[in-house]
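# Per-entry structural report
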Amino acid sequence: MDRLPSWIRQHVAALRALLVLTVVTGVIYPLAATGVAQAVFNGEANGSLVERDGKTVGSAIIGQKFTDKDGDPVKKYFQSRPSAAGDGYDPLSSAASNLGPEDVLDVLPNPQGADAAAKEGKQSLLTQVCARSKAVGELEGVSGARPYCTADGVGAVLKVFPDRAVSVNQACPATPFVATYKGLKVECGKPGEDYAAGRTVPVRGGAGKPAVPADAVTASGSGLDPHISVAYADLQAPRVAKERGLPVERVRSLIAANTTGRALGFMGDPVVNVLELNLALDRP
C-alpha cells in the first residue's frame, strides 16, 4: 500500500471511511434506535394505534374526522378540531394553512375566470373562521356570531373608496351586512372586480364573547391535533347526550375521564382526546 501513489491512498482511505460510516450510521444506528424504540416505547413507535374489537380504528396522537359520506358531522360523536393537513389529518401533509391574522380578503368565485383557481375562488382565514363558527353554532344550537364576521358567515370587511364602499367578501346578489359606512352606500362584492385601490376596513360589529371556542374554528399548527379543549367538549355534550339518549351528566363524566391535565402540571391547558372519548361513548 505504501508503494501506491498518494492520490490513490487518499481515495482508498476516503472509501474506507465512507463504508465504515455507512455501516455505522446507515445500519447499526437505525437498528439500535429501532430496537430500543420497540422495546421501551412500543406503542408510540408504532403510531400509538388504537384498536377496537381487533380492528385499528385510529391513532391516539393523530386526529380524524367523524363525518358521514357527505362530509356532514355524525351527531352522536364529538367532533375534532379543524385540520389544514391535506384533506384533513394527513400525516404526509402535516402543516398549517400559513394564513395570518391580516388575511381578511376573499377571492370571490368567478364563473368567468380564466382558470380553475379563479372559478373556485379562495376564502381568507377570517372567512374560514366565520364559516366554521356559524356551522358549529348551528350544529350545537348556540350563537355562532363572533367579531368581524357577518351573519351569513364571511369576514365583515369593507373596501372603501371616495364615493362608495364594498362588502368585498359578500358576493352579489347578497345583501351587505351594513347599508352605509360613514355616509357611503355599501355594495355587494362583484366577482372579478379589482378592489385593490380601496382602503381595507374590517368591521368588528356588535358580537360579544363568542359562544364557540377558538379551537373549534382554527386548525392547529400541525393539522394533526387529536385533542380539543374542555370548553369545546362541553359545548358538544348536550348534542351528543341527546343523540344517544344519555343524561348530560354521564357524557360530561366521560369527558372528565378522557381529559389530560396540563403538561408537568403548569404548561398548556387541559385537553380531551376525541377518539378515545368517542370510543368510550360506544362501549356498552
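Quick caveat: nothing in here was measured; it's all calculated off a predicted structure. (Residues numbered from 1 in each chain as written. Predicted model: local features only at pLDDT ≥ 70, side-chain atom pairs only at ≥ 80, totals over all residues. Heavy atoms only, no water.)

This part takes up the sheet that holds strand β9 (residues 259-260). Taken in spatial order, the three strands line up as β8-β10-β9 in an open sheet, and their pairing is antiparallel. Both edges of this open sheet fall to β8 (227-229) and β9, since each of them pairs with a single strand only. For β9 and strand β10 (residues 271-273), the ladder comprises two bridges, and the chain directions are antiparallel. Looking at β10, one finds that T260 is bridged to V271. Together, β8, β9 and β10 form the strand contacts of helix α5 (residues 230-244), whose direction differs from that of β8 by roughly 85°. (Pairing = 2+ DSSP bridges. Helix = DSSP H or I, 4+ residues; strand = E, 2+ residues; numbered from the N terminus. Contact = heavy atoms within 4.5 Å. Axes fitted to C-alpha atoms, helices over the stretch in contact; angles between N-to-C directions.)

What follows deals with helix α4 (residues 125-140). With 16 residues, α4 extends 22 Å from end C-alpha to end C-alpha; this agrees with the ideal 22 Å at 1.5 Å per step. Restricting attention to buried positions, one finds in α4 the residues L125, L126, T127, Q128, V129, C130, S133, V136, G137 and E140. Phi for G141, located one or two positions after α4, is positive at around 75°. (Expected span 1.5 Å × (residues − 1). Buried < 20%, exposed > 50% of the residue type's maximum accessible area, 1.4 Å probe, protein only.)

Right, let's talk about the pattern of salt bridges for a bit. In total, this model carries nine salt bridges according to the counting rule given. For E138, the salt bridge is made with K134, and the minimal N-O distance between the two is 2.8 Å. In this pair, E138 and K134 both sit in helix α4, four residues apart, roughly one turn of the helix. Judged by relative accessible area, K134 falls into the partly exposed class, the value being 29%. A salt bridge links R252 to D234; the nearest nitrogen and oxygen atoms lie 3.4 Å apart. (Salt bridge = Lys/Arg side-chain N within 4 Å of Asp/Glu carboxyl O.)

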